[in-house]
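Structure assessment
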Amino acid sequence: MAHFRRLPGPIADVWDWQHHGACKGRDSLQFFHPDGERGSSRGRRESAAKQVCNRCPVRSECAAHALTTREPYGVWGGFTEHERSQLLQLGWRECADRRGERVDVQRLEARLSEDVSAPAR
């Protein structure tokens, strides 16, 4: 369930970044899994979605939005729902700008890589 109280108000400047997304006009099924999708099918779809995100001019804004609102589904800002869940647990705010509107995507990716390579507790 999305946490609507965390969503910014209806201020055009806050939402304007969405008009510049590389995903604009694309089929949303590329970014959101259909019921029952698992395994390699899901991995291929997520990989294709991440490729779109990697060349997106507003990737850092999108990722910040998804983390701030705790978006539960889909690929946002190049991060899957599982990766965002990890970032929420590991902490991501120090990778965000002062207002929390943009994140340093490379630092977040590094944080995920460090977590994967860390020994199991």
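Figured I'd write up the structure that's included with this text. Just so you know, these numbers come straight off a predicted model, no measurement behind them.

Turning our eyes to something else, we now look at the overall build of the protein. Regarding its fold elements, the protein presents five helices and zero strands. Counting from the amino terminus, the protein carries its helices and strands in the arrangement α-α-α-α-α. Taking the intrachain contacts of the protein between residues at least 6 apart in sequence as the baseline, contacts between residues at least 24 apart amount to 53%. In the form shown here, the protein has an accessible surface area of approximately 7,800 Å², with 51% of it arising from carbon and sulfur atoms.

Before going further, it helps to spend a moment on the environment of Ser 60. Summarising the element assignment, Ser 60 is placed in helix α3 (residues 59–68). Since its relative accessible area comes to 8%, Ser 60 is described here as buried. Note: C-alpha distance between Ser 60 and Ala 96 (36 residues apart in sequence) is 8.9 Å. In this view, Ser 60 contacts Glu 101, Arg 102, Val 103 and Val 105; residues no more than four positions away in its chain are not counted. Within the structure, Ser 60 has its side chain in polar contact with the side chain of Arg 102 (distance 3.3 Å).

This next bit is on the state of the cysteines. This model, assessed by the stated rule, comprises zero disulfides. No disulfide involves Cys 56; its sulfur sits 6.1 Å from that of Cys 23, the nearest cysteine. What makes Cys 56 buried here is its relative accessible area of 17%.

Definitions and limits used
- Residues numbered from 1 in each chain as written.
- Predicted model: local features only at pLDDT ≥ 70, side-chain atom pairs only at ≥ 80, totals over all residues.
- Heavy atoms only, no water.
- Helix = DSSP H or I, 4+ residues; strand = E, 2+ residues; numbered from the N terminus.
- Contact = heavy atoms within 4.5 Å.
- Areas by Shrake-Rupley, 256 points an atom, 1.4 Å probe, with all protein chains shown as cover.
- Buried < 20%, exposed > 50% of the residue type's maximum accessible area, 1.4 Å probe, protein only.
- Polar contact = N/O pair within 3.5 Å; in protein donor to acceptor, adjacent residues only side chain to side chain.
- Disulfide = S-S within 2.5 Å.

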